[in-house]
Amino acid sequence: MSKKKSKIWMVRAGSGSFLLDEFLIENIVAIGWNELKKIPLKTTNDKLREKIIEVYDNSNAGQIGQSLGQIWRFYNDLSIGDNVITYDSNARVYHSGT
């Protein structure tokens, strides 16, 4: 019998952990890039890159690549049932969940 291997993700709760209470109360994790608005369900990597370049037109190639990689992994690889940790930078405590 084969079991699905669970993944562990670090999802930060924003600068100064300002989203930590929302993460814990709502039992969620989230990422930023709000200016991108809603990403269509079947978007491609190339379409997402185009959108990032359009919205963040002052970003350099490194910033675009880093943003694309983080958004793409969250969007495509994170699954219900994966383990998640986040860090409370004020209390210096890690929180974990599924």
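In the block above lies the structure referred to throughout.
Read on for an overview of the structure. Bear in mind the structure is a predicted one, so any value in this text is a computation, not a measurement. (Residues numbered from 1 in each chain as written. Predicted model: local features only at pLDDT ≥ 70, side-chain atom pairs only at ≥ 80, totals over all residues. Heavy atoms only, no water.)

Side note on the overall build of the protein
Now for step 1: Summing up its helical and strand segments, the protein has three helices and three strands in all.
Now for step 2: Ordering the α and β elements of the protein from the N terminus gives β-α-α-α-β-β.
Now for step 3: Here the protein, with 98 residues, has 19% of them falling under the buried criterion.
Now for step 4: A sequence separation of at least 24 residues applies to 55% of the contacts in the protein between residues at least 6 apart.
Now for step 5: Taken as a whole, the protein presents about 7600 Å² of accessible surface, with 52% of it coming from carbon and sulfur.
Now for step 6: When the 13 positive and 11 negative side-chain charges of the protein are each reduced to one mean point, those points stand 9 Å apart. (Helix = DSSP H or I, 4+ residues; strand = E, 2+ residues; numbered from the N terminus. Buried < 20%, exposed > 50% of the residue type's maximum accessible area, 1.4 Å probe, protein only. Contact = heavy atoms within 4.5 Å. Areas by Shrake-Rupley, 256 points an atom, 1.4 Å probe, with all protein chains shown as cover. Lys, Arg positive; Asp, Glu negative; His and termini not counted. Charge placed at Lys NZ, Arg CZ, Asp CG, Glu CD.)

Considerations on the packing of helix α2 (residues 45–55) against helix α3 (residues 61–76)
Now for step 1: For the pair α2 and α3, interaxial distance at closest approach is 10 Å and the crossing angle is 130 degrees. Judged by the angle between their axes, α2 and α3 are oblique. Handedness of the crossing formed by α2 with α3: right-handed. Of the residues in α3, those touching α2 at N45, L48, R49, I52 and I53 are I64, S67, L68, I71 and W72.
Now for step 2: Of the residues contributing to the contact of α2 with α3, the split by class is seven nonpolar, two polar and one charged. (Axes fitted to C-alpha atoms, helices over the stretch in contact; angles between N-to-C directions. Parallel < 35°, antiparallel > 145°, perpendicular 65-115°, else oblique. Left-handed = near helix turned anticlockwise from the far one by under 90°. Nonpolar A, V, L, I, M, F, W, Y, C, P; charged D, E, K, R; others polar.)

Re the pairing of strand β3 (residues 93–97)
Now for step 1: Across five bridges, strand β2 (residues 83–88) lies against β3 in antiparallel orientation. In the strand pairing of β3, V84 is matched with G97. (Pairing = 2+ DSSP bridges.)

Concerning α3
Now for step 1: For α3, built from 16 residues, the straight-helix expectation of 22 Å at 1.5 Å per residue is met to within 8% by its first-to-last C-alpha distance of 22 Å.
Now for step 2: The inward-facing, buried residues of α3 contact α2.
Now for step 3: Two to three positions downstream of the cap, the backbone nitrogen of G62 sits 3.0 Å from a side-chain oxygen, assigning the N-cap of α3 to N60. (Expected span 1.5 Å × (residues − 1). Polar contact = N/O pair within 3.5 Å; in protein donor to acceptor, adjacent residues only side chain to side chain.)

Quick word on the pattern of salt bridges
Now for step 1: Under the counting rule described, the total for this entry stands at two salt bridges.
Now for step 2: Across the salt bridge formed by K51 and E54, the nearest N and O atoms sit 3.9 Å from each other. In this pair, K51 and E54 are both assigned in helix α2, three residues apart and thus about one turn of the helix distant. (Salt bridge = Lys/Arg side-chain N within 4 Å of Asp/Glu carboxyl O.)

Overview of the pairing of β2
Now for step 1: Note: strand β1 (residues 8–10) against β2, three bridges, orientation parallel. Paired with M10 across the strands is I85, a residue of β2.
Now for step 2: Hairpin connection from β2 to β3: four residues lie between these consecutive antiparallel strands, with R92 at a positive phi of about 60 degrees.

Remember that the coordinates give geometry; whether it matters functionally is a separate question.
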